[in-house]
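Descriptive analysis of the structure
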Amino acid sequence: MSQRAIVVVDLQNDYFPDGKWSLEGIEAAAAQAAKVIDAARQRGDAVIHIQHLATSPEAPFFVPGTEGAEIHATVRPQGDETVVTKHFPNAFRETVLKQVLDERGIDEVVLVGAMSHMCIAATGRAAADFGYKTVVIHDACATRALEFNGTTVPAAQVHAANMAALAFGYAKVIGAAEWIAGEG
């Protein structure tokens, strides 16, 4: 059995064009994530889905019981794939994710999903801090433009800055095609 897990972070309907919090490039990222997931399933890797659920019905997105909070059809769990519910950006915080990984003897975590600057960054750093070999598939992740101090930072720059930071000290950051070809 493989000691690698693909962790699919928050690829939920609210992040897609008809959702409440649409991300730039989310459809392309989800398509790449689906390719990674398919390759992982063929290789016998674990596939673990993370579903962020808001704790307040007044939340702007991911409200429990809504269509927007559901995992997108592009990457929907199959069979007995684990779904871990979270309420914070870091998928390890106050969840069973580490327990699930450790029970399966996982030593390598491969991340795909959203948002690059929040949940991917937080989960990637935590995975590395817990000692997992960590890989982030950059073209299977998406984010949105941010604003700081009157300056709008385009989504592509937000994504690039976060991938660069992860690559600098926390994870191997590669493309889906490279990972699928076995170079990751």
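Before reading further, recall that the structure is shown in the block above.
Along the chain, Thr82 turns up in strand β3 (residues 82-86). On the basis of relative accessibility, which here comes to 18%, the residue Thr82 falls in the buried class. Beyond its immediate chain neighbours, meaning those up to four positions away, Thr82 contacts Val47, Ile48, His49, Val100 and Arg104.

What follows concerns the pairing of strand β1 (residues 4-9). β1 sits mainly inside the fold: 6 of its 6 residues count as buried. With burial as the criterion, each face of β1 is covered, one bearing Arg4, Ile6 and Val8 and the other bearing Ala5, Val7 and Val9. With 6 bridges connecting them, β1 and strand β4 (residues 108-114) associate as parallel partners. Across the sheet, the residue bridging to Arg4 is Glu108, located in β4. One ladder, built from 5 bridges, connects β1 with strand β2 (residues 46-52); its direction is parallel. Opposite Val9, over in β2, you have Ile50 as the bridge partner.

The subject of this paragraph is the packing of helix α1 (residues 26-43) against helix α5 (residues 176-183). It is the contact of α1 with α5, at a shortest axis distance of 9 Å, that shows an interaxial angle of 10°. Judged by the angle between their axes, α1 and α5 are roughly parallel. In this structure, α1 crosses over α5, and the sense of that crossing is left-handed. On α5, the residues that touch Gln32, Lys35, Val36, Ala39, Ala40 and Arg43 of α1 are Ala176, Trp179, Ile180, Ala181 and Gly182.

Let us now look at the sheet that holds β2. Pairing within the open sheet is parallel, and its 6 strands lie in the order β3-β2-β1-β4-β5-β8. Pairing within the sheet leaves two strands with one partner each, and these edge strands are β3 and β8 (172-174). Neighbour to neighbour, the strand axes of the sheet diverge by 25° on average, direction disregarded. Of the strands in this sheet, β1, β2, β3, β4 and β5 (133-142) are in contact with helix α3 (residues 116-129), which crosses β4 at around 170°.

Basis of the calculations
- Residues numbered from 1 in each chain as written.
- Predicted model: local features only at pLDDT ≥ 70, side-chain atom pairs only at ≥ 80, totals over all residues.
- Heavy atoms only, no water.
- Helix = DSSP H or I, 4+ residues; strand = E, 2+ residues; numbered from the N terminus.
- Buried < 20%, exposed > 50% of the residue type's maximum accessible area, 1.4 Å probe, protein only.
- Contact = heavy atoms within 4.5 Å.
- Pairing = 2+ DSSP bridges.
- Axes fitted to C-alpha atoms, helices over the stretch in contact; angles between N-to-C directions.
- Parallel < 35°, antiparallel > 145°, perpendicular 65-115°, else oblique.
- Left-handed = near helix turned anticlockwise from the far one by under 90°.

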